[in-house]
Amino acid sequence: MKKLDKRLFRMIRSTKGQYIAVLAIVITGLFVFTAVNNSALNLKDSLNEYYEETNFSDIFVTAVSIPEKLESSLIGESDIKEAEARLVFDTSFITEDDDEKVNIRAVSVNKNENKLNKLFVKSGKRELSEKDIIVIEQFATARNINLGDKVKLQINGREYTFNVSAIASSSEYVYIMENEQTLLPDPESFGIVFIEEDYLRKIYGANGNYNEIIININDMDNLDQTVDYLEDNLEKYGVKRVIKKDEQLSNNMMSQEIDGLEMMSQSIPVVFLVFAGIMLSSMLSRIVKKDRTSIGILKALGFTNSEIIIHYLKYAASIGIIGGLIGSLLGTALSSVMTNYYLVFFNIPMLTIKVYYNRIITSVILSLLFCIMSGFWGIRGIIKINPAESMKPESPKKGKRIIIENMKFIWNYVPFSWKMVLRNIFREKKKFAFIGAAVAITCGMLIMTIWMIDIIDIMFNRHYSEFMKVEYNINFTGFQDENVKKEVAKQVNVTDMEGRIELPFEIENGRKSKIVNIIGLQNNSVFYGFQDLKGNDLKIPSEGILISSNLADSLNVNIGDEVFVKNFLPNKDDSYVTVKGIVKQSLGINGYMNMDYMNSRFLDKGIINGIYLNSNDDVSKKLDDMNNINTIQSQEDMKGMFEEFTTITAVSMSFMVVFSGLLGFIIVYSMTLMSINERTLEFSSLRVMGFTKNEIFNMLIRENMIMSFIGIIIGIPLGLWLIDYMGKSFSTDVYTMNEPVAASGVIISIFLTIVFLIMAQYLTYTKINKLDFMQALKNRIS
């Protein structure tokens, strides 16, 4: 081994505390990057592989009545490669509990195999005969349904019993949501079953026709043209919706989750690496200053600047390689846990957890380059060291008054120990600015993380208490006369009740469009507390439309603009309507109209398809026998799903709290350690003057306390900025993260920041106690 390399090991050993501190930051940054990024890659790769394996459709068309011949006649038209017609409808799943309402979506499939959206059979056989049924895995697991079990469905008013012949997954229902408004999956109350198509068409009626057709095209670049072709040419079949692959509900939810993970994996590690780079640069700069004489001797012995620079860069490179390797390997190991966690919500049977060797190599190279660049910045002074001058001690910096010393009316009243603290802070501005920045980042990230935990609770509680004050949401199987309310009122003791219309429409503004549910309400609805973006109350206008804030952003619409509302019901008009207000809404994406106005422009007068109801009665039980009721959803149902959802989310956010605190802990600890090593002589002199170890430690605490206080003050607006950034980045069609941060969240974040800083200070106290100040003083004198 070369002499310089042996010296390198001695240098690492003598600075092992700071070396490990920088290494820990690099490991943490690369750990987060690899864990989150690998999880996103695992999901994306597995999903794409699943889609390819099952031949996932590019376009979904829903219509009133599609003849069987259309399936073959479409192939070859407008770049259409494959087409498959099917029957899809929602109906009731009959359970042993008469009071329980369970919805099921019945989908017709070929008795042997489908061309598109093939089923992935987990157990049992794919071939179907009459009375056989394939049950989707999430629903079968939630309701403990096994192969050979008998299940009962209510179809067209009659009860049918089926034999469970297989349990399967479907690429179309990776994330099961009944519709855009349900927000969270509830596999116990809503599931999917697949039934042999000829038998299902026979028992369902509809003259044997289908109501959906799924399509694959040859070239995705022609997707929009094909969609236009289908909208124009299938109008006679009563086309309701034409949905592209990207807009398909399950696929859309998956894409949004993967995009969020990728964004997180790119932003957080950069923060850690920047701080590691600054620490490494500062640390090497001080090592070079300390080794000034040794470097001069090396130059006198014939070592070139390049050889000495490479010697010190090896120190930085070792951190980059070891940190990158350990961080990426730990991240790869954790990514399997994170990826498996997503199976709680997403059903991807061929989800594979891969070891992305290229990602590990990329992480190591990234870490290495970052550390070498930071290291070079710290040691660039080597070039200026003259061998002859380096033999003499470096001239101390010329002392000068700090700015506060000129303020006699303040300075004269400052105690001696505080004067030393203030002088040291002003003379080591870069170091203390770095500590302040680390505390600010720690506090800011904690505020953001606590806000993300709080906002989920706030979004749901506010949505279901202040925005939507509905205890029961009753959906009918079709349109009903408004008089149905009287029938409901006879069955249950009603506190408040209103009929409503809720239907999907496509809203267009120029080239932008969105398919959303428009809800028709009474003028003075008691079930909604509409507010505009400034918090002012809003009422349903007699004409025009209110739209939710995320819909307004999506369509780039302002108050007073006219949007084009496209009707999916056959033989009904489309129309322009004026936007009369923008509603602040956290969950869901909707438009709202006066029900009479909505019926007159797009439907028929005097009809509703649902009821909002507040009642102290057991509504589900009392309305169980009432005809034409499709679902009864209570607030309690949503709260149950919400509690399960938030428990898992809180666990993942806890990791973020630890990562954020770790950053502040390591930086404050390592910088204080560095300060102790550099100021040993100063502290030894103070010991000679009679200062105790506790008094010296208190002086260090005061220095860090001032910078921590400044860091926390800066961290608060930084945290608010991060919240704004995260809110805009993570908002989706399902939820909008625009809630303000609570004062309690800021206080908790500040408290946690202080806890992490106290922990770092406690460790430095043990270092102070172990220092031999007298020996340091003797060495200096000798």
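Everything here concerns the structure above.
Residues numbered from 1 in each chain as written. Predicted model: local features only at pLDDT ≥ 70, side-chain atom pairs only at ≥ 80, totals over all residues. Heavy atoms only, no water.

**What about the overall build of the chain?**
Inference 1: If you tally the helices and strands in the chain, you get 23 helices and 20 strands.
Inference 2: Here the C-alpha coordinates of the chain stretch approximately 105 × 60 × 50 Å along the principal axes.
Inference 3: Put simply, the chain shows about 36000 Å² of open surface, and 54% of that area lies on carbon and sulfur atoms.
Inference 4: Separation between the mean location of the 82 positive side-chain charges and that of the 90 negative ones in the chain comes to 18 Å. (Helix = DSSP H or I, 4+ residues; strand = E, 2+ residues; numbered from the N terminus. Areas by Shrake-Rupley, 256 points an atom, 1.4 Å probe, with all protein chains shown as cover. Lys, Arg positive; Asp, Glu negative; His and termini not counted. Charge placed at Lys NZ, Arg CZ, Asp CG, Glu CD.)

**A look at the nonpolar core**
Inference 1: With 127 residues, the main nonpolar core has Tyr315, Ile319, Tyr528 and Tyr592 as its most contacted residues.
Inference 2: Ignoring anything within four residues of it in the chain, the contact list for Ile319 reads Tyr19, Val22, Leu23, Val26, Leu280, Met283, Gly324, Ser367 and Cys371.
Inference 3: Judged by nonpolar contacts, the second largest core, of 57 residues, contains Ile136, Ile176, Leu200 and Leu230. (Core = buried A, V, L, I, M, F, W, Y, C linked by side-chain atoms within 4.5 Å. Buried < 20%, exposed > 50% of the residue type's maximum accessible area, 1.4 Å probe, protein only. Contact = heavy atoms within 4.5 Å.)

**Observations concerning a positive patch on the surface**
Inference 1: On the surface, Lys3, Lys6, Arg10, Arg13, Lys16, Lys767 and Lys770 cluster together to form a positively charged patch.
Inference 2: Mapped by element, the contributors of at least two residues to the positive patch are helix 1 (3-14) and helix 22 (743-770).
Inference 3: For the positive patch, the element with the highest residue contribution is helix 1, accounting for four residues.
Inference 4: Here Lys767 lies in helix 22.
Inference 5: Take Lys767: its relative accessible area is 31%, and that puts it in the partly exposed class. (Patch = residues over 30% accessible without salt bridge, like charges linked within 9 Å, V, L, I, M, F, W, Y side chains within 5 Å. Salt bridge = Lys/Arg side-chain N within 4 Å of Asp/Glu carboxyl O.)

**Considering the packing of aromatic side chains**
Inference 1: Enumeration over the complete set of coordinates arrives at 17 aromatic pairs.
Inference 2: Seen in terms of ring centroids, Tyr528 and Phe530 are 5.1 Å apart; in terms of plane orientation they differ by 15°. Their pairing is stacked. Just as Tyr528 is buried, Phe530 falls in that class too.
Inference 3: Positioned above the aromatic ring of Trp377 is the side chain of Arg380, whose terminal nitrogen or guanidinium carbon lies 4.0 Å from the ring centre.
Inference 4: Taking the ring centre of Tyr612 as reference, the NZ or CZ of Arg500 above it sits at 5.3 Å. (Phe/Tyr/Trp six-rings, centres within 6.5 Å; stacked < 30°, edge-to-face > 60°. Lys NZ or Arg CZ within 6 Å of the ring centre and 35° of its normal.)

**Focus on the packing of helix 2 (residues 16-54) against helix 10 (residues 357-379)**
Inference 1: It is the contact of helix 2 with helix 10, at a shortest axis distance of 11 Å, that shows an interaxial angle of 150°. The pairing of helix 2 with helix 10 is recorded here as roughly antiparallel in orientation. Of the two possible hands of crossing, helix 2 and helix 10 adopt the one that is right-handed. On helix 10, the residues touching Val26, Leu30, Phe33, Thr34, Asn37, Asn38 and Leu41 of helix 2 are Arg359, Ser363, Ser367 and Cys371.
Inference 2: Grouping the constituent residues of the contact of helix 2 with helix 10 by class yields five nonpolar, five polar and one charged. (Axes fitted to C-alpha atoms, helices over the stretch in contact; angles between N-to-C directions. Parallel < 35°, antiparallel > 145°, perpendicular 65-115°, else oblique. Left-handed = near helix turned anticlockwise from the far one by under 90°. Nonpolar A, V, L, I, M, F, W, Y, C, P; charged D, E, K, R; others polar.)

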